[in-house]
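Coordinates in review
Chain by chain, the residues:
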Amino acid sequence: MECPNDHILLSSGLKGEEKSYIFRPRFNYSKCTKCSLCRDNCTENAIVMFKEGYPFLMPTLCSGCKTCQLACPSKAIEEDRKEIGLTYVTPVNNNLTLVTGVLKEGEERSYPLVLNTKRRADIMDFDLEIYDTSAGTGNHVAAALEDSEFALVVTEPTPLGIHDMKMIMHLLEKLNIKGYVILNRADLVNDEHIIPDYEIIGSIPLSDDIVQSYVRGKPVVDAFPESDASVELRRIMERVSELLW
Amino acid sequence: MVEVVIASGKGGVGKSTISSSISALLSHKNIGIVDADAEAPNLHLIFDTNSWEEEIEYKEKSVAAIDYEKCVNCSICQEVCTYEAVENRNGLPHIKEYICEGCGACKVVCPVDAVRITKNNLSGWIRVGRTRYGPFVTSELDVGQPNSGKLVTEEKNIAKKWVREGKIKHIIVDSAAGIGCQVIASMSGATYALLVAEPTESSLSDLRRVFYLAEHFRTKSFIIINKENMNLGFNGIMKFSEENDLEIIGKIPYDKTVAASMTHKMPLVEYDGNSPASRSIKEIASFLEDLMP
């Protein structure tokens, strides 16, 4: 969402653009009775009232939750919308479709766009959905992980990588999703004991081929099928297939 | 006071490596250091900070709670939730706390007043410590939380207080990846932004997006190209810098010493000050030094 990249490696350009919106209140002042319930119920403090007693929206604070509209007893809040980004559906080949969300720059919340993108993927009724989450552990990541059969947690065997991996594992526990670890740049450290006791299903070696495939804008398994990294990635894929079917 | 923020859009391009080394090199300028990546804080590992002078509980989370004594299972709460945070579990509505933002839509519609919004739940921690290079503030957001921008703003306020008290003169902020609220909070009010990019299309694409933010905040930006020799034929970043009149203040070569320094929990320039990447970062630091009165 915030910095989508998969399309650069999988295809030339994004297709099937659709604008993505969230709710935004529009006050109909002819119906408003100045009861202030919209303001009182707004947890983002996005609605202010001046002397005359009419509500005004502070657009940057509004999260689009609709609570004001639901709280209004006189139906004075109409539905307006705000564009938060774009979604795309790009056919990569006969068997693979890429669904992408691109957050508008300056938009603070990526969570609603994750939800919209996920909805767009769900209506396509794919046999299998693979989610590439953004970095971090916030609710934008939780939303992408939700309902997954299991998660592949990619990390480097460095103290920094392990630290962040533990945070993701903690999130997965809350979501009740099993996490399998893939060590990337696995030969960075020969210090096995820093890797906690999780099930590791793959160890991708440090490889110039990966760097070069990135440079060429292709997946490493296509650019360098014989590379050590590609061999291991295919092995991981087989393992993942076993877990799925 | 000069506030320098290190950002990149894309993750894993070297923000923390550069921030930690720049902090080490500029410590004589009286700096305070802010790790603004609350969802995956890492600087304390590079600084090997194990004890904290202060740990502040950050209580910002609001979340809905259902009183099942009152609930009549009408499922209206589930219908109105914009965030899809209410699910039906064993025939009863259930709030998914790791998604709920506590907006209160469910509370407003509940016909039997069975929903309560509990405020000020623990959502993270702000930790204040010391490094060899200056005072340090970091934070950790509990997993599954929304809107960590406010947490970053709190951290920056602590550093700004240090400036007012005369404890430090300048602030170095290591931003999170992406362009979301944490990055917006990091960028807001910064004097200079160091935008780190790798010479690949995807990194350039992210650079454009984070530069857009910097422009929005009128923060003067400079570009650093990391791992610049990994793709010598790529001139996209060069073109981007010319088009936007941006100065490239450093080109750091790919250097395996970087990973080794992380394993040893040291800023790169301290681990091996003569490695190729260290030498480039030293040039960047001396450029910054001239900007810091």
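For the rest of this paragraph, the subject is the overall build of chain A. Helix and strand content of chain A: nine helices and eight strands. On C-alpha atoms alone, chain A measures out to a radius of gyration of 23 Å, which is more than a quarter above the 18 Å that the 2.2 N^0.38 rule sets for 245 residues. Structurally, chain A occupies a C-alpha span of about 70 × 40 × 35 Å along its principal axes. Among the 245 residues that make up chain A, the fraction classed as buried is 34%.

Residue and element names in this part refer to chain B. Taken domain by domain, chain B holds domain 1 (3-47 + 132-291) and domain 2 (60-122). In this structure, domain 1 and domain 2 have C-alpha centres spaced 39 Å apart. Between domain 1 and domain 2, the residue contacts involve five residues of the former and six residues of the latter. The residue inventory of the side of domain 1 that touches domain 2, partitioned by class, reads one nonpolar, two polar and two charged.

Our focus in this paragraph is the nonpolar core. Within the largest apolar cluster, 131 residues are counted, with the highest numbers of intra-cluster contacts made by Val173(B), Met187(B), Leu195(B), Ala197(B) and Val210(B). A domain split of this core shows at least three residues from each of domain 1 (3-47 + 132-291) and domain 2 (60-122) of chain B.

All names here are of chain B. On the basis of which strands lie adjacent, the open sheet formed by nine strands has the order β3-β6-β7-β2-β8-β1-β9-β10-β11 and mixed pairing. Among the strands making up the open sheet, the edge pair consists of β3 (54-66) and β11 (247-252). Sheet twist, expressed as the average angle between the axes of neighbouring strands with direction ignored, equals 20°. Note that strand β2 (residues 31-36) and strand β7 (residues 134-141) share two bridges and pair parallel. Across the sheet, Ile 33 pairs through a bridge with Phe 136, a residue of β7.

With that settled, the discussion passes to helix α7 (residues 201-216) of chain B. With 16 residues, α7(B) extends 23 Å between its outermost C-alpha atoms, agreeing within 8% with the 22 Å of an ideal straight helix rising 1.5 Å per residue. Where the residues of α7(B) are buried, they touch α1 (6-10) of chain A together with β1 (3-7), α6 (181-187), β9 (192-197), β10 (220-226) and α8 (236-243) of chain B. Positive phi shows up at Arg218(B), right after α7(B), with a value of about 55°.

Calculation rules
- Residues numbered from 1 in each chain as written.
- Chains lettered and ligands numbered in written order.
- Predicted model: local features only at pLDDT ≥ 70, side-chain atom pairs only at ≥ 80, totals over all residues.
- Helix = DSSP H or I, 4+ residues; strand = E, 2+ residues; numbered from the N terminus.
- Rg over C-alpha atoms; globule rule 2.2 N^0.38 Å.
- Buried ≥ 20, exposed ≤ 12 C-beta atoms within 10 Å, placed from the backbone.
- Domains from an automatic or database assignment.
- Contact = placed C-beta atoms within 7 Å.
- Nonpolar A, V, L, I, M, F, W, Y, C, P; charged D, E, K, R; others polar.
- Core = buried A, V, L, I, M, F, W, Y, C linked by C-beta atoms within 7 Å.
- Pairing = 2+ DSSP bridges.
- Axes fitted to C-alpha atoms, helices over the stretch in contact; angles between N-to-C directions.
- Expected span 1.5 Å × (residues − 1).

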